[in-house]
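Residue-level structural notes
Below are the chains, spelled out letter by letter.
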Amino acid sequence: MFYLRFRLTPRVQVYLAWFLLVAGMLAYTLITGFEAVLRYNTFTSTAFDLGNMDQVLWNTLHGHPFQWTNQGVDWFGPPIRLAQHFEPILLPLSLLYAFGADPRILLIFQTLVLASGALPIFLLSRHYLPRWPLVAGALVLGYLLSSALIGVNLFDFHPVALVTPLFLYAFLALTRRRFVWCLICCVLAATCKEEIPFVVMLFGFLVLWKYQAPRLGLILIIGGLLYGIVAWTAIKHFYPGNQGNNFWYRYAYLGATPTDAIVNIAMHPWILPLTYLTLERLYYLAGLLRCYGFPSLLAPEWLLPALPNLALNLLPNNNSLLYSGIYHYNAPLIPFVAMSAIIGLARLVAFWQQWRSEPVESVLLDEEHVLREQARLDVLTQRLDNIRIKLLMTIAFVGRPLAFVRPGLLVVSRVRESRWRSLNERLIDLARTISLDRLQWIVSLWIVCMVLLNFVIMIPWFNVLRADHLPGEREQGINQLLAVIPSTASVSASGTLNPHLSERSYVTVFPLITYTDQQKNLRTVDYIVVDLNHIVPEEDKDSTVRMLNQVRNSRQFCTLKQYDGVLLLVKSDGVCSTS
C-alpha cells in the first residue's frame, strides 16, 4: 500500500491540516463569493429573497426599521417585515449599508461569515481527535463542500444563514469553557429567525447533558423558550387580522392551527410516519449525513437541537424545496450535523482503542466515556429484554393463547446476543490488524470520497442557482435602462430586476402594481419594469404578459423605453405618445 511506503510525521500532518484549512477557506470565499455576486450581476438573483432583504435593510438604515413593501408571493399586509419573520439581527446588519447601499455587500458578508465556520470545525476536530489531524482537514472539506452550505450561500441573502457559524462558535466556546461567549453566540443566533430560540432551548438541554454546565443550560432553556414565545407572538400581532404565521399553510393538513395540529397528531399518530417515510425525505436525511461520511450515526443525540428545523423541513406536504438539500432552510442543521460527526469519530477512536486493548485516550466528557457507555448500553439492552418478556408474560396471563410467545422471544434474544458477540469478536480482529494511524488515512479517504460523491450528486441543483454566463452587453444595456428610473420613484419590477431597484422606500414585484405607504394608504407605483425574457418562475410568463398588456391598453401606464425584452413603463394621465 501507498501508506506503507510513505508516512507523514505527526508534525507534518498538523501543518498539512492547517494548510487544508486556510486553502479551503480561501478557495471557498473566492469561488462561492464570485458565484453569489455573479448571480446578482447577471440578473439571476430574485426579489425573493435578495430584493426583500435589500429593501428592509435600506429602510432600516434610513430610520424606518423593518419597513418594506416588497411583499412575498404568499403574504399581503402592512409594510413591515415582522409580519413574516422575526429577525432583530437586521438592526445591526443594516450598518453594513453605511459603507454603501448595495446587495453585493450582503452577499460578500454572507460568504465570509459562512467560510469562517470552517475554523471552529477544525479546532473542535483537533480537540476531540488530537491524533487525527488529517481527519480535521477532511471534515473542513466536508463542511465547505457540503451542498447545504453552498446552497445557503448561493441563494441570495438570509439572516438565518448566520446561525450556522454562530452555533459552531458556540460549540467551540463550550468546549473551552468560555460560557459568556457561548451565551453571546446563542443570543445572536436567536435573533436571526423566529424558530431559532427553540433551537437554543434544545441546545441548552445539550449543555446540561453533555457539558455539565447547569447555569448556562438553564439560561438557554428558559431564555430560548421565552424569547421564542415573544417572537411568534410578534408575528401573530403584525400579521394582518392576527391570524398567525403566514407560512402555516405548509402544514395545514395537520390542522388549522398549531394547537389543532398537536391534537390531530396525538389522536392520529400514524400521520407522521406516513409523512416522513417517503423516498425523497429519506434521501434528504442521507444527504445531510453524507457530507461527513455518516459518523453522525455514532452520536445521534448531538442532533437534538436540529429537531425543530428538521420537522419544519420534513413535515410540509406541498413544498419539496424545503427538503431538497439546498436553500437556506438547512442553515440551522449544518452545525449540529458537523458536531455530531466529530463526536461520532471520537467515539470510533475510543472503540478502536478498546478493541485493540490499548489505553483509551478520549476527551469525551463523563458519561460519554466509551467504556461507561458500553456498560450502560449492555445494561439498558438487558433491561429492555426483561421488560419485553415481563410484558408478554402479563399478556399471556390475561390471554393464555399468547403464552407460547415467551420461549420464542428468549430464543430470539439469545440469537441476537450470540450474533452481537460474534460481530464484536470480528471487529476486535479487524482492529488488531489496522493501527489507529492507518485508520486515520482510511477514514480521511472515506470522508473525502463521500464529500465528492455528494457534491457530484448535487451539481444539478447547484446549476439551478448558478449564473450560466458572465455579464455582457445585455446586462450593460439593462443597467442603463434602469438608471432612467429616479431613486425616489416607486417601482413595480419583475423578479430578477427587483433586487436592482429595491433601495427605495416603495418597491413591489410585478404583476402587483400597488403598495401600502407608511400611512397605510394604498397607492399605485410610478414605474413598471419587466424582463419578458427572464420571468421566474417560467410558468408565470403568460399571466405576466396579460397583466402587462392590460395596464398598457388601459393607458394607465405608457411605454417609456425598451431594450432586448425589457420594458420600462411610466404612469400616465391616460394619454400615451405614439412616437
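Residues numbered from 1 in each chain as written. Predicted model: local features only at pLDDT ≥ 70, side-chain atom pairs only at ≥ 80, totals over all residues. Heavy atoms only, no water.

1. Examining the overall build of the protein
Stated precisely, the cut-off is as follows: What counts as a helix is a DSSP run of H or I of at least four residues, what counts as a strand is a run of E of at least two, and both are numbered from the N terminus. Throughout, a residue-residue contact means that at least one pair of heavy atoms, one from each residue, lies within 4.5 Å. Calculation of accessible area relied on Shrake-Rupley with a 1.4 Å probe; when residues are assessed, cover is drawn exclusively from the protein chains displayed.
Counting secondary structure elements, the protein contains 23 helices and 7 strands. When contacts within the protein are restricted to residue pairs at least 6 apart in sequence, long-range pairs at least 24 apart make up 71% of them. When the accessible surface of the protein is split by element, carbon and sulfur atoms take 66% of a total near 27500 Å².

2. So, the pairing of strand 5 (residues 527-531)
On a regular strand, one side chain projects to one face of the sheet and the next to the other, so that they alternate. As a reminder, the rule being used: For each residue, the accessible area found with a 1.4 Å probe, counting protein chains only, is set against the maximum for its type, and the residue is called buried under 20%, exposed over 50%, and partly exposed in between. Pairs of strands are assigned from DSSP output, requiring at least two bridges between the strands.
In terms of residue burial, strand 5 counts as a mostly covered element, since 5 of its 5 residues are buried. Neither face of strand 5 is open: one carries Tyr-527, Val-529 and Asp-531, the other Ile-528 and Val-530, and all of them are buried. With 3 bridges joining them, strand 1 (residues 491-493) and strand 5 adopt parallel strand pairing. From the neighbouring strand, Val-491 faces strand 5, where its bridge partner is Tyr-527. Here strand 5 runs beside strand 7 (residues 566-571); their pairing, made up of 5 bridges, is antiparallel. Bridge assignment links Tyr-527 to a residue of strand 7, and that residue is Val-570.

3. Observations concerning the sheet that holds strand 6 (residues 557-563)
Selection rule: Fitting a line to C-alpha atoms yields each axis, with helices limited to the stretch in contact; the angle taken between N-to-C directions then spans 0 to 180 degrees.
Strands sit in the order 2-1-5-7-6 across an open sheet of 5 strands; the sheet is mixed. Two strands in the sheet have a free side with no partner beyond their single neighbour: strand 2 (507-509) and strand 6. Taking each pair of neighbouring strands and ignoring which way they run, the sheet shows an average axis angle of 20°. Here strand 6 runs beside strand 7; their pairing, made up of 6 bridges, is antiparallel.

4. Points about the pattern of salt bridges
Close approach of charged atoms allows side chains with opposite charge to pair. As a reminder, the rule being used: Throughout this description, the term salt bridge denotes a Lys or Arg side-chain nitrogen within 4 Å of a carboxyl oxygen of Asp or Glu.
This model, assessed by the stated rule, comprises 12 salt bridges. The salt bridge partner of Glu-358 is Arg-356, with a shortest N-O separation of 2.8 Å. We classify Arg-356 as partly exposed; its relative accessible area is 21%. Within the structure, one salt-bridge network assembled from shared partners comprises Lys-210, Glu-301 and Arg-347.

5. Let's talk about the side chain of Ser-147
With respect to the helices, strands and loops of the structure, Ser-147 is situated in helix 8 (residues 147-154). Ignoring sequence-local partners within four residues, the contact set of Ser-147 consists of Cys-291, Gly-325, Ile-326, Asn-454, Met-458 and Phe-462.

6. Things to note about the packing of helix 9 (residues 163-175) against helix 10 (residues 179-190)
Put simply, the rule is: Note on angle classes: values under 35 degrees are labelled roughly parallel, values over 145 roughly antiparallel, values of 65 to 115 roughly perpendicular, and the remainder oblique. Crossing handedness follows the turn of the near helix against the far one: under a right angle anticlockwise gives a left-handed crossing, and clockwise gives a right-handed one. In the scheme used here, Gly and all other residues not listed as nonpolar or charged are polar, with Ala, Val, Leu, Ile, Met, Phe, Trp, Tyr, Cys and Pro taken as nonpolar and Asp, Glu, Lys and Arg as charged.
The interhelical angle for the contact between helix 9 and helix 10, taken along N-to-C directions, is 165°, at an axis separation of 8 Å. Taken together, the axes of helix 9 and helix 10 lie roughly antiparallel to each other. For the pair helix 9 and helix 10, the crossing hand works out as left-handed. Here helix 9 contributes Val-163, Leu-166, Phe-167, Tyr-169, Ala-170, Ala-173 and Leu-174 to the contact with helix 10, which in turn contributes Phe-179, Trp-181, Cys-182, Cys-185, Cys-186, Leu-188 and Ala-189. Residue composition of the contact of helix 9 with helix 10, by class: 14 nonpolar, no polar and no charged.

7. Concerning the nonpolar core
Going by this rule: To qualify as a nonpolar core, a set must consist of buried Ala, Val, Leu, Ile, Met, Phe, Trp, Tyr and Cys residues joined through side-chain atoms within 4.5 Å.
Counting residues in hydrophobic clusters, the biggest one holds 129 residues, and the most contacted among them are Phe-167, Phe-203 and Tyr-292. Considering every element that reaches this core, the biggest residue donor is helix 17 (residues 334-355), with 15 residues. Ignoring anything within four residues of it in the chain, the contact list for Phe-167 reads Cys-186, Ala-189, Ile-196, Val-199, Val-200, Phe-203, Pro-335 and Phe-336. Membership of the second largest hydrophobic core comes to 15 residues, among which are Ile-478, Leu-481, Ile-485 and Val-507.

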